[in-house]
Amino acid sequence: MRRFIRPALIGVLSAAFGVALAELLAAATRPQAGPLVAVGGAVIDAAPTPLKEFAVRTLGTNDKPVLLGTIALVLILFTAAIGVLSVRRRWVAVAGAAVFGLAGALAAAMRPTATAYDVVPSLLGAVVAGATLLFLHHRTRRPSATGGDFDRRAFLRAAAAVAGGVVVAGGASEVVKRVRGGAVTKSREAISLPAPADPAKPLPAGVGPGFVTANKDFYRVDTALSVPRIDVNTWSLRIHGMVGKEVDLSFDDLLKRPLIERDITLNCVSNEVGGPYIGTAKWLGVPLAPLLRELGVEPGADQVVARSAEGMTIGTPVETIFDGREAMLCVGMNGEPLPLEHGFPVRMLTPGLYGYAGACKWITELELTTFDRFDAYWVERGWGARGPVKTASRIDKPKPFAKLEAGKLTVAGVAWAQGRGIRNVEVRVDDRPWAKAELLPVPSTDTWVQWRYDWAATAGAHTIAVRATDSTGAVQTEQRATPFPDGATGWHTITASVD
Ligand SMILES: Nc1nc2c(c(=O)[nH]1)N[C@H]1C(S)=C(S)[C@@H](COP(=O)(O)O)O[C@H]1N2
Ligand SMILES: [Mo]
């Protein structure tokens with residue numbers, strides 16, 4: 001056993017050195033060309049939908065660290081094996097480095113926004129890793145002057161030097177990332193957003209606490225392993241395809257247009273019944289309808305495909321931009337420039353559509369095309385092409401399995417049917433009849449509605465269910481459906497015990 005440990009460590013150390021140098025080079029030149037993020041991104045894109053859903057459901061926003069950790073673990077196991085196998089067969093070291101280098105290079109080259117350069121960090125890392133491995137093996141062969149089977153000191157010196165290299169390169173790439181990120185953060189903080197030409201109405205008196213979700217509490221769902229850091233000074237939005245006139249708009253061009261400000265609830269199609277992937281913010285942005293009207297949309301164009309800096313594509317029905325619902329290019333969220341995680345500098349938002357169908361973050365391109373001609377990222381993976389939000393409701397108080405005291409209690413939560421609006425929310429305790437909840441005021445049909453219900457709780461175990469009716473009179477269906485392929489349905493039901 002012991003004789004395997006040294007070659008295994010040599011394998012892992014050499015690979016770590018190669019990866020660290022590749023990451024450093026990428027951090028300094030093109031962050032998306034780093035092997036870890038490139039391979040992680042390729043895994044995310046290739047992962048079957050059920051697995052992705054499982055990851056979002058069970059790991060939430062920890063899905064990304066878990067993925068990177070898994071990749072690191074796999075890398076450690078394989079490179080340890082390569083270290084052991086290459087003791088006798090040096091070609092294994094060369095082949096192993098080549099396989100991992102090509103895998104990293106291929107993953108980077110297949111990213112949607114790849115350039116030819118993006119293969120360089122992985123290939124360079126592989127050459128370094130392979131050479132280091134051969135060198136360290138060689139050191140274990142050097143005869144010792146004192147009569148041992150090899151010169152242990154010389155080997156340890158060499159190994160320590162490589163380990164030092166890993167630490168220095170790893171540390172340096174962290175520093176480079178921080179500095180670059182800091183520059184983007186500074187450019188964000190330097191932005192002063194103009195006042196909206198058409199401000200949001202003040203929230204009606206009587207909206208409850210928590211109506212607006214703070215930016216730091218706003219859910220985040222995306223496939224980006226590292227948050228894109230976009231320099232607002234070089235950012236531009238290209239609008240092209242089936243338009244009369246193509247344009248390239250800078251951030252300043254956008255800010256010169258009349259801005260609107262609206263309270264809008266955004267939610268994720270992956271949200272389970274009762275789930276947390278929903279939030280409401282006051283968004284500031286450029287309304288899309290007048291902009292596209294100026295450019296002229298060709299007849300037949302029924303899909304707007306938004307592309308983002310890191311290669312996401314999100315397709316939105318053209319119809320939803322011109323039907324009066326005020327789809328917009330957002331630059332502000334709750335009174336500040338968009339946070340980096342929420343799409344800085346510009347994201348799209350389409351009220352009444354799930355995020356995957358109308359809310360592309362880090363947007364760089366809008367292409368007018370047709371649904372026939374192009375399947376966007378999630379559509380390629382089997383999700384519905386159009387993404388209208390389904391009527392839904394959630395109980396926030398009491399929490400599931402709460403232990404309560406008998407007496408007068410308030411049951412409370414939210415309900416939403418953006419675009420249509422909520423007419424009614426009803427609560428059912430055990431098998432009593434459905435009872436109307438009180439609805440708190442809302443600024444528009446584009447937001448969730450807060451509701452409350454007074455409950456005289458008696459001792460015992462109780463089941464509480466909620467259902468909403470939208471303004472068309474359609475009652476939220478009891479039929480359970482999974483989020484895939486076009487949004488979960490079913491009544492949110494909780495149990496509580498009362499003493
Ligand atoms: N570029 C990009 N935009 C994206 C996504 C993404 O993965 N990449 N995810 C979409 C999905 S599925 C949702 S629900 C919303 C979430 O927006 P938020 O993270 O700001 O809440 O962003 C949408 N826009
Ligand atoms: Mo989503």
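Bear in mind the structure is a predicted one, so any value in this text is a computation, not a measurement.

**Focus on the UniProt feature "transmembrane region" (unreviewed entry) in the protein chain**
As annotated in UniProt, the feature "transmembrane region" (unreviewed entry) corresponds to residues 66–85, 92–110 and 116–136 in the numbering used here. A distance of 29 Å separates the end C-alpha atoms of residues 66–85, which is 100% helix and 0% strand. Within residues 92–110, the helical portion is 100% and the strand portion 0%, while the C-alpha atoms at the span's ends are 26 Å from each other.

**Focus: the site of ligand 1**
Taken together, 20 residues lie around ligand 1, and Tyr219, Glu310, His342, Arg347 and Lys361 are the ones closest in. Within the contact set of ligand 1, an oxygen atom lies 2.5 Å away from a side-chain nitrogen or oxygen of Lys361. With the chains in place, 99% of the 520 Å² that ligand 1 exposes on its own is no longer accessible. The class makeup of the residues in the shell around ligand 1 is 11 nonpolar, 4 polar and 5 charged.

**A look at the packing of helix α4 (residues 63–85) against helix α5 (residues 90–110)**
Here α4 crosses α5 at 160 degrees, and the two axes come no closer than 8 Å. The angle between the axes of α4 and α5 places the two elements in the roughly antiparallel class. Along this stretch, α4 crosses α5, giving a crossing that reads as right-handed. Contacts between α4 and α5 pair Leu75, Phe78, Ile82 and Leu85 from the former with Val92, Ala93, Gly96 and Phe100 from the latter. Classifying every residue of the contact of α4 with α5 by side-chain character gives 7 nonpolar, 1 polar and no charged.

**Side note on the side chain of His462**
Position of His462 among the secondary structure elements: in strand β18 (residues 460–470). Within polar-contact distance, the side chain of His462 engages the side chain of Asp430 at 2.6 Å. If sequence neighbours within four positions are ignored, His462 has contacts with Val429, Asp430, Trp455, Ile494, Thr495, Ala496 and Val498.

**Quick look at helix α9 (residues 288–295)**
Three or more residues of α9 are buried, namely Leu288, Ala289, Leu291, Leu292 and Leu295. Along the axis of α9, the buried residues cluster in a sector spanning 165 degrees; they form a single face. Projecting away from the buried face of α9 at angles above 90 degrees are the exposed residues Arg293 and Glu294. At the exit of α9 stands Gly296, carrying a positive phi of roughly 85 degrees.

**A look at the domain arrangement of the protein chain**
Split by domain assignment, the protein chain resolves into domain 1 (2–187), domain 2 (215–380) and domain 3 (392–498). The distance between the C-alpha centroids of domain 1 and domain 2 comes to 36 Å. Taken together, the 20 residues of domain 1 in the interface contact 21 residues of domain 2. When the two sides are added together, the surface that domain 1 and domain 2 hide from each other amounts to roughly 1500 Å², 64% of it contributed by carbon and sulfur. Between domain 1 and domain 2 we count 1 salt bridge in total. With a closest N to O distance of 3.1 Å, Lys64 and Asp222 form a salt bridge. At the junction of domain 1 and domain 2, the tally comes to 2 residue pairs in polar contact (both at pLDDT 80 or more). Residue assignment for the side of domain 1 that touches domain 2 shows that the elements contributing at least two residues are α2 (35–46), α3 (49–59), α4 and α7 (152–189). Sort the elements by how many residues they give to the side of domain 1 that touches domain 2 and α2 lands first, with 6 residues. Residues of the side of domain 1 that touches domain 2, tallied by class, amount to 8 nonpolar, 8 polar and 4 charged.

**Things to note about the environment of Ile82**
For Ile82, the position within the fold is in helix α4. Spatially, the C-alpha atoms of Ile82 and Ala163 are 18 Å apart, while their sequence positions differ by 81 residues. Contact partners of Ile82, with chain neighbours within four places excluded, come to Val92, Ala93, Gly96, Phe100 and Leu133.

**A few points about a nonpolar patch on the surface**
On the surface, Leu73, Val74, Leu77, Phe78, Val99 and Phe100 cluster together to form a nonpolar patch covering roughly 570 Å² of accessible area. At the level of secondary structure, the elements contributing two or more residues to the nonpolar patch comprise α4 and α5. Of the residues forming the nonpolar patch, the biggest block, 4 residues, is contributed by α4. Following the sequence through the fold, Phe78 ends up in helix α4.

**Some words on the pattern of salt bridges**
According to the stated counting rule, one finds 24 salt bridges in the structure shown. The residue Asp118 makes a salt bridge to Arg30 at a minimum N-O spacing of 2.7 Å. Of this pair, Asp118 sits in the loop between α5 and α6 (120–139) while Arg30 sits in the loop between α1 (2–28) and α2, and the two are 88 residues apart along the sequence. Among the ionic contacts, a cluster of salt bridges with common partners joins Lys64, Arg220, Asp222 and Lys361.

**Comments concerning the packing of α1 against α6**
Two elements in contact, α1 and α6, have axes separated by 8 Å at closest approach and are oriented at 150 degrees. The angle between α1 and α6 falls in the class roughly antiparallel. Read as a crossing pair, α1 and α6 show a hand that is right-handed. Across the interface between the two elements, Pro7, Ile10, Gly11, Leu13, Ser14, Ala15, Phe17, Gly18, Leu21, Ala22, Leu25 and Ala26 from α1 touch Val120, Pro121, Ser122, Leu124, Gly125, Val128, Ala129, Thr132, Leu133, Leu136 and His137 from α6. For the contact of α1 with α6, the class distribution of residues is 16 nonpolar, 7 polar and no charged.

What counts and what doesn't
Along each chain, numbering runs from 1 in the same order as the chain's sequence is written. Throughout, the order in which chains and ligands are written sets their labels, letters from A for the former and numbers from 1 for the latter. The predicted origin of the model limits local features to residues at a pLDDT of at least 70 and limits the giving and counting of side-chain atom pairs to 80 or more, whereas totals for whole chains, interfaces and linings rest on all residues. Side-chain descriptors were evaluated using all non-hydrogen atoms of the structure, hydrogens and water having been removed beforehand. UniProt positions are given in the numbering used here, feature names are shortened, and annotations may be inferred rather than shown by experiment. Each helix is a run of H or I in the DSSP string that is no shorter than four residues. Each strand is a run of E no shorter than two, and both are numbered from the N terminus. Definition of nearness: a residue and a molecule or strand are near each other if at least one heavy atom of the residue lies within 4 Å of the molecule or strand. Definition of a polar contact: a pair of N or O atoms within 3.5 Å, with one able to donate and the other able to accept a hydrogen when the atoms are protein atoms, and with sequence-neighbouring residues admitted only if both atoms are side-chain atoms. Values of accessible area rely on a 1.4 Å probe in the Shrake-Rupley scheme; residue burial ignores everything except the protein chains shown. Three classes are used, and their members are as follows: Ala, Val, Leu, Ile, Met, Phe, Trp, Tyr, Cys and Pro are nonpolar, Asp, Glu, Lys and Arg are charged, and the others, Gly among them, are polar. An axis is simply a line fitted to the C-alpha atoms; with a helix, the fit covers only the stretch in contact. Between two such axes, the angle follows the N-to-C directions and lies from 0 to 180 degrees. When an angle is under 35 degrees it counts as roughly parallel; over 145 it counts as roughly antiparallel; between 65 and 115 it counts as roughly perpendicular; any other value is oblique. Two helices that cross are described as forming a left-handed crossing if the nearer one is turned anticlockwise from the farther one by less than a right angle, and a right-handed crossing if clockwise. A contact between two residues is defined here by any heavy atoms of the two lying within 4.5 Å. Relative accessibility decides the category of a residue: with a 1.4 Å probe and only protein chains considered, values under 20% of the type maximum give buried, values over 50% give exposed, and everything between is partly exposed. To be clear, the arc concerns the directions from the helix axis to the C-beta atoms. Residue ranges assigned to each domain were obtained from an automatic or database domain assignment. Two parts lose some accessible area (1.4 Å probe) when they are put together, and adding that loss for both gives the buried area. Salt bridges are defined as contacts in which a side-chain nitrogen from Lys or Arg sits within 4 Å of a carboxyl oxygen from Asp or Glu. Within the patch definition used here, like charges are joined within 9 Å and nonpolar side chains (Val, Leu, Ile, Met, Phe, Trp, Tyr) within 5 Å, considering only residues with over 30% relative accessible area and no salt bridge.

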